[in-house]
Structure formats: C-alpha cells, structure tokens
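# Survey of secondary and tertiary structure
Single-letter residue listing:
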Amino acid sequence: MAKADDPGHWSVLITCEHAGHQVPAAFLRRMSKSQQKDLLTHKGWDPGALAMARHAAVALEAPLLYTKISRLLVDCNRSPQHPRCLGPAFRDLDPAERNFIQAAWYWPHRNAIEAEILRILQSGSSVLHLAMHSFTPVLDGERRTAEVGLLYDPARPWEKMWSDALLKEMKSEWPTWRLRRNYPYLGTSDGLTTWLRRHYGPQEYVGIEIEWNQALFTRNLPDARMKRGLVRSLRNLFLHFS
Ligand SMILES: [Zn+2]
C-alpha cells in the first residue's frame, strides 16, 4: 500500500478566505456608498462559511486559518497579480498603495497557510486542505441548482479520490440535496487552491473548496442538521476512505 493510500498519512488544514466583511476605516472612507452597502452582501463576504469552517476544524481537530477582511478590499482567494485581487475601489491605486494593502491584509493569510503546509510536509504527512466558502443562491437573475459544490482539480488523482469519498459521505447525510462537482465554479479557476497546486505535487497537496449555498443558513449560521451532517461526514471520511 502506498503511503498516500492510508488516510492517516493525510493531515487536514481548514481555511476560510471570505470569513468576514471588515475594511479598516481609512480604506472604508475611500469606498463609494454603494460599495459600502455591498460589504454586507455576498459581494463582501461568504455568509455562513466561517461557522462551517469552525465545525470542520473541531470535528477533525485540524488547524483553522481564516481572514475576516472583506474581498472588496483584497481577495485572499485570488492570485496576487489577478486583476480582481483588489476590490473595485482600490484597483486604480498606485502600485505602492496596492502593495501596502496586499502586505497588510493579503500576504499574512496566504503566508500563514503556506507555513502550515510546510509544517505538515516536514512532519512527513501530506496536506488535505479544505477551504470553506459559500455562494449566493441567485446570481445575476440565475438560480443556482445545488446545495453544496466541491471544487477540485479532476486531473489530480488524489483530489478526485478525496472529493468522491467526501461526496459519498455527504450524500448519505443529506440524501435529498444536490451535491455537485466543480459547481458553481471550476476548481481549476484562479484561486488559492489553484495557486497552491502550482507549488506542491499531487501526492503532497490536495486542495478542495467546499461551497455551501447561502440559502441553507439562517442568520448566517448552519442548523443542527447541517452541523451534525458536516461533522459526521468528515469523521466518516477518514474511517471509510481506503
Ligand atoms: Zn468564497
């Protein structure tokens, strides 16, 4: 049996890139009134995602790294050079100011994640990175047709295997839910996991984004059935996976 066939070989890291809608006051003032209003909507953050990330971290006794800085200031789930890494109010700033924003609120989260990945790899384990996100049920008038989406790179065999196993566990928890692969976005689009895949091999690093439909949450919190289902599916994942 290859080392990677043993679930115990994999060490879990949970992250949440859109956990909040904070913007420091000096930058908030530079946003338009409508941009400030957007902060509290799905445009500013991922409602419910941090609660799910916390439950996952407790269930698996895994480290959790998150940032509550709004993606309307800087989006930690974009590559540093991506045209939408900075929020719309800050894209035309001069490079020194853009670098300042990234140095203060982007790189600390990204660097903490890379440090944790290195720590896991140096301990001889591989990394199973679960990034918690949520999506708005309706975007540009179009209703999304899933409760949960798993975003991964199907060309990386271990990502496919872990995603298959997680989908199977989730299906048994929530048989009526629509669980979809690479929906509502592709796991290979620009993002944190895509960035990390470029730096770590397929046997070292698996990056799966778990996208929850925001319609599932009440006041941005999961109900007991969601919480229980998440905890059990993650624990069972390690029991059943082989
Ligand atoms: Zn997100």
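Everything that follows concerns the structure shown earlier in this document.
The structure contained in this document is the topic of the report that follows. (Residues numbered from 1 in each chain as written. Predicted model: local features only at pLDDT ≥ 70, side-chain atom pairs only at ≥ 80, totals over all residues. Heavy atoms only, no water.)

## Let's talk about unusual backbone geometry
Note the cut-off: A run of H or I in DSSP becomes a helix once it reaches four residues, and a run of E becomes a strand once it reaches two; helices and strands are each numbered from the N terminus. The buried label goes to any residue with under 20% of its type's maximum accessible area, the exposed label to any with over 50%, and the partly exposed label to all in between, with areas taken from a 1.4 Å probe on protein chains only.
Residue P184 is bonded to the preceding Y183 through a cis peptide linkage, with omega at 5 degrees. Note on placement: P184 falls in the loop between β7 (179-181) and α7 (192-199). Unlike most non-glycine residues, E61 shows phi in positive territory, near 50 degrees. Note that E61 resides in the loop between α3 (49-60) and β2 (64-66). Judged by its relative accessible area of 74%, E61 is exposed. One non-glycine residue, D140, adopts positive backbone phi at about 50 degrees.

## As for the environment of S125
Threshold: Residues are treated as being in contact if the distance between any of their heavy atoms lies within 4.5 Å.
With respect to the helices and strands, S125 occurs in the loop between α5 (107-122) and β3 (126-135). Along the chain, S125 and K3 lie 122 residues apart, while their C-alpha atoms are 9.1 Å from each other. Discounting residues that sit within four places of it in the chain, S125 has contacts with H9, S11 and I120.

## Observations concerning α7
Counted residue by residue, α7 has six buried out of eight residues, so it is predominantly covered. What α7 keeps buried is the set L192, T193, T194, W195, L196 and R197. Each element contacted by the buried residues of α7 is listed here: β1 (10-16), α5, β3, α6 (157-173) and β8 (205-213).

## Structural notes on the coordination of the zinc ion
Selection rule: Counted as donors are N, O and S atoms no farther than 2.8 Å from the metal, or 3.2 Å for Na, K and Ca; water is not among the atoms, and sites may therefore look incomplete.
Those protein atoms acting as donors to the zinc ion are H18 (ND1), D46 (OD) and H133 (ND1), and they sit at 2.0 to 2.1 Å. As a motif over one chain, the donors of the zinc ion read H-x27-D-x86-H. Pair noted here: D46 is in the loop between α2 (33-38) and α3 and H133 is in strand β3, with a separation of 87 residues, a long-range link. Each of the two residues, D46 as well as H133, counts as buried.

Geometry only, nothing functional implied.
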